[in-house]
Each structure stands twice: as structure tokens, then as C-alpha cells.
Amino acid sequence: MTEQGELVRRVAERARAHARELPPPVGAQELAAAEATLRVALPPLLARLYREVANGGFGPGYHLLPLVGPGRTVVGTYRAERTAAENGTGRRWPVGVLPLMDWGCGMSAAVDCLGEAAPVLLFEPNGIADNWADAWFVDAESLADWLETWFAGSGWYGAIAGAGGPSHEPRPWAEAGARLSAPEPEPGRAP
């Protein structure tokens with residue numbers, strides 16, 4: 001089994017142990033349709049999680065959003081944020097950064113689908129008046145690292161919740177300004 005396959009297996013095992021009921025995984029056609037709508041390919045590990053574990057409902061904190069379906073989803077939230085950003089009517093959301101989950105208080109975890117290692121970002125908009133680049137932080141260098149932090153109980157969110165253990169602080173995301181001003185790609189073309 002590959003390293004990624006082993007991580008997916010561990011996530012699935014933990015998800016099944018901690019969830020009363022998980023939604024079924026997404027199918028290949030649902031994944032392809034989601035990527036076409038998003039205009040970006042999901043990182044391979046994230047695609048496997050949605051295809052092999054479940055359509056959200058697992059992971060740290062308040063759990064991963066569903067990729068597709070009714071209610072709040074990755075696809076719907078990303079499209080709404082990007083539309084607002086392009087129209088200048090809402091907070092700016094970077095091109096190729098997909099919301100993964102809500103942390104509460106307006107904060108979100110997101111994955112940078114354009115980053116080679118698929119870093120996980122923290123969107124922390126509280127106290128931001130006008131420079132949305134200041135609201136973006138690197139939470140983990142990769143999605144795999146973020147999941148390992150969840151397994152270890154060593155994320156910044158654990159320290160806040162009193163979970164103890166070693167913790168790290170997110171650092172500012174250097175690419176935020178450039179990515180916030182990037183135009184939306186044409187349909188059918190990845191950024």
C-alpha cells in the first residue's frame with residue numbers, strides 16, 4: 001500500500017470510529033463534474049478522501065464540508081466566494097483555494113489546489129478591515145501534514161480547546177495578495 005493509501009485507510013478508520021453515520025463517497029462522475037464547476041482539479045489525496053472515505057463529515061473540528069450535494073458544500077461555497085470576489089461585492093477568496101471546513105467565528109480551513117503539496121490554509125477574517133491578504137495563513141505545508149496533525153492532536157485548534165500537546169502557529173501566506181487579485185480562469189481551463 002502506498003503512503004497516501006495508508007493515510008486514506010487511517011482517515012477512513014478514524015472517520016468510521018467517530019461518526020454516527022457518514023455520507024456515501026462521491027462517484028467518479030460527481031468528482032469530474034465538481035472539478036469542472038470549480039475549474040480546478042482537487043489534489044489527489046483530497047479526491048481520494050471524497051471518493052474512498054465519504055462526501056465530508058469527517059476530519060478535525062467541525063469536519064470536512066461535503067464536496068457536492070444539498071446544503072453548504074465545497075463547490076457551492078467556492079463558487080459563491082469567487083463570484084463575490086470577481087464582482088467586488090464580498091470578501092476576496094483566492095483562485096484555486098477550496099474551503100474544506102468551518103472553524104467557527106468566520107474562520108475556515110481551505111486547501112490550495114494550485115500549490116504543489118496542496119498546503120492547507122487558515123482563513124481568519126476577524127479584525128480585517130480592507131486587506132484580505134492579511135486574513136490568510138499557512139496552517140500546514142500539505143494536506144497530508146494537516147491530517148497527521150489531526151491524528152497527533154497537535155494543531156493550533158487543539159491548544160485553544162485545551163487539548164494540550166505540542167502545537168504550532170499558522171504563519172502568514174505569502175502568496176495571498178497575488179492570488180487574491182488573480183482573475184477567474186475561463187470555463188474548462190485550470191488556473
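Preceding this section is the structure that the text describes.
Please read all numbers here as calculations on a predicted model, not as lab measurements.

A.B. asks: Sorry, what's going on with the overall build of the chain here?
C.D. replies: When helices and strands are tallied, the chain shows seven helices and five strands. Helices and strands in the chain line up, N terminus first, as α-α-α-α-β-β-β-β-α-α-β-α. In the chain, buried positions account for 46% of the 191 residues. Restricting the contact set of the chain to residue pairs at least 6 apart, pairs at least 24 apart contribute 56%. Accessible surface computed for the chain: about 9300 Å², of which carbon and sulfur atoms make up 53%.

A.B. asks: When you look at the sheet that holds strand 5 (residues 171-172) in this model, what are you seeing that I'm missing?
C.D. replies: One key point about sheets: their strands pair by backbone hydrogen bonds, in either a parallel or an antiparallel sense. If you trace the five strands from one edge of the open sheet to the other, you get 1-2-3-4-5, paired in antiparallel fashion. Strand pairing shows two members of the sheet lacking a second neighbour, strand 1 (97-104) and strand 5, which therefore form its edges. This element, helix 5 (residues 143-152), spans strand 1, strand 2 (107-112), strand 3 (120-123) and strand 4 (136-140) of the sheet and lies at about 20° to strand 1.

A.B. asks: Looking at this structure, I do not really get the pattern of salt bridges. What am I missing?
C.D. replies: A side chain with one charge can pair with a side chain of the opposite charge if their charged atoms come near. Summed over the entire model, instances satisfying the criterion amount to eight salt bridges. Notably, a salt bridge pairs Glu 6 with Arg 9, separated by 2.5 Å at the nearest N-O pair. In this pair, Glu 6 and Arg 9 both sit in helix 1 (residues 3-18), three residues apart, roughly one turn of the helix. On the accessibility criterion, Arg 9 (36% relative accessible area) is partly exposed. Taken together, the shared-partner salt bridges in this structure form one network comprising Glu 6, Arg 9 and Glu 13.

A.B. asks: Even after reading the chapter, I still don't get the packing of aromatic side chains, so can you show me in this structure?
C.D. replies: The geometry of an aromatic ring pair is captured by two quantities: the separation of the ring centres and the angle between the planes. If you walk through the whole model with that rule in mind, you get six aromatic pairs. Aromatic pair Phe 123 and Trp 136: ring centres 4.6 Å apart, planes at 40°, arrangement tilted. Of this pair, Phe 123 sits in strand 3 while Trp 136 sits in strand 4, and the two are 13 residues apart along the sequence. Aromatic ring contacts, followed pair by pair, group Trp 93, Phe 123, Trp 132, Trp 136 and Trp 173 into a single cluster. Above the plane of the ring of Phe 151 lies Arg 10, whose end atom (NZ or CZ) is 4.2 Å from the centre. Above the face of the Trp 150 ring, Arg 14 is positioned so that its terminal group lies 4.4 Å from the ring centre.

A.B. asks: When you look at helix 5 in this model, what are you seeing that I'm missing?
C.D. replies: Because an α-helix completes one turn every 3.6 residues, residues spaced three or four positions apart along the sequence face the same direction. Leu 143, Trp 146, Leu 147, Thr 149 and Trp 150 are the residues of helix 5 that are buried. An end-on view of helix 5 places all buried positions within 155° of arc, on one side of the element.

A.B. asks: What is the right way to read the packing of helix 1 against helix 3 (residues 44-53) from this model?
C.D. replies: Any two packed helices are characterised by the angle at which their axes cross and by the distance between the axes. Contact pair helix 1 / helix 3: the axes reach a minimum separation of 10 Å and the direction vectors enclose 45°. The angle between the axes of helix 1 and helix 3 places the two elements in the oblique class. Regarding helix 1 and helix 3, the two cross each other, and that crossing is right-handed. Packed against helix 1, whose contacting residues are Gln 4, Gly 5, Leu 7, Val 8, Val 11, Ala 12, Ala 15 and Arg 16, the element helix 3 presents Pro 44, Leu 45, Arg 48, Leu 49, Glu 52 and Val 53 at the interface. Here the contact of helix 1 with helix 3 is composed, by residue class, of nine nonpolar, two polar and three charged.

Cut-offs applied
Every residue gets a number counted from 1 within its own chain, in the order that chain's sequence is written. Where totals are concerned, whole chains, interfaces and linings use all residues; where local detail is concerned, this predicted model gives features only for residues with pLDDT of at least 70, and gives and counts side-chain atom pairs only at 80 or more. Each side-chain value is derived from all of the structure's non-hydrogen atoms; neither hydrogens nor water enter the calculation. Where helices and strands are cited, they refer to DSSP runs of H or I of at least four residues and of E of at least two residues respectively, numbered from the N terminus. Three exposure classes are used, based on accessible area relative to the maximum for each residue type with a 1.4 Å probe and protein chains only: buried under 20%, partly exposed in between, and exposed over 50%. Working rule for contacts: check all heavy atoms of both residues, and any pair within 4.5 Å makes them a contact. Only the protein chains shown count as covering a residue, and every accessible area follows the Shrake-Rupley method with a 1.4 Å probe. Here, strands pair whenever DSSP counts at least two bridges between them. Between the N-to-C directions of two axes lies an angle of 0 to 180 degrees, each axis being a line fitted to C-alpha atoms and, for a helix, fitted only over the stretch in contact. Basic side-chain nitrogens of Lys or Arg form a salt bridge, by our definition, when they fall within 4 Å of a carboxyl oxygen of Asp or Glu. In summary, the pairing rule links any two rings of Phe, Tyr or Trp, Trp by its six-membered ring, whose centres are within 6.5 Å, and it sorts them by plane angle into stacked for under 30 degrees, edge-to-face for over 60 and tilted for everything else. The rule for a charge over a ring is simple: NZ of Lys or CZ of Arg within 6 Å of the ring centre, and within 35 degrees of the ring normal. Note that the arc is computed from the directions linking the helix axis to the C-beta atoms. Any angle that falls under 35 degrees is termed roughly parallel, while one over 145 is termed roughly antiparallel, one within 65 to 115 roughly perpendicular, and all others oblique. Helix crossings get a hand from a simple test, with the near helix turned counterclockwise from the far one by less than a right angle marking a left-handed crossing and a clockwise turn marking a right-handed one. When residues are grouped by polarity, Ala, Val, Leu, Ile, Met, Phe, Trp, Tyr, Cys and Pro land in nonpolar, Asp, Glu, Lys and Arg in charged, and all others, Gly among them, in polar.

Worth remembering: the numbers are spatial, not functional.
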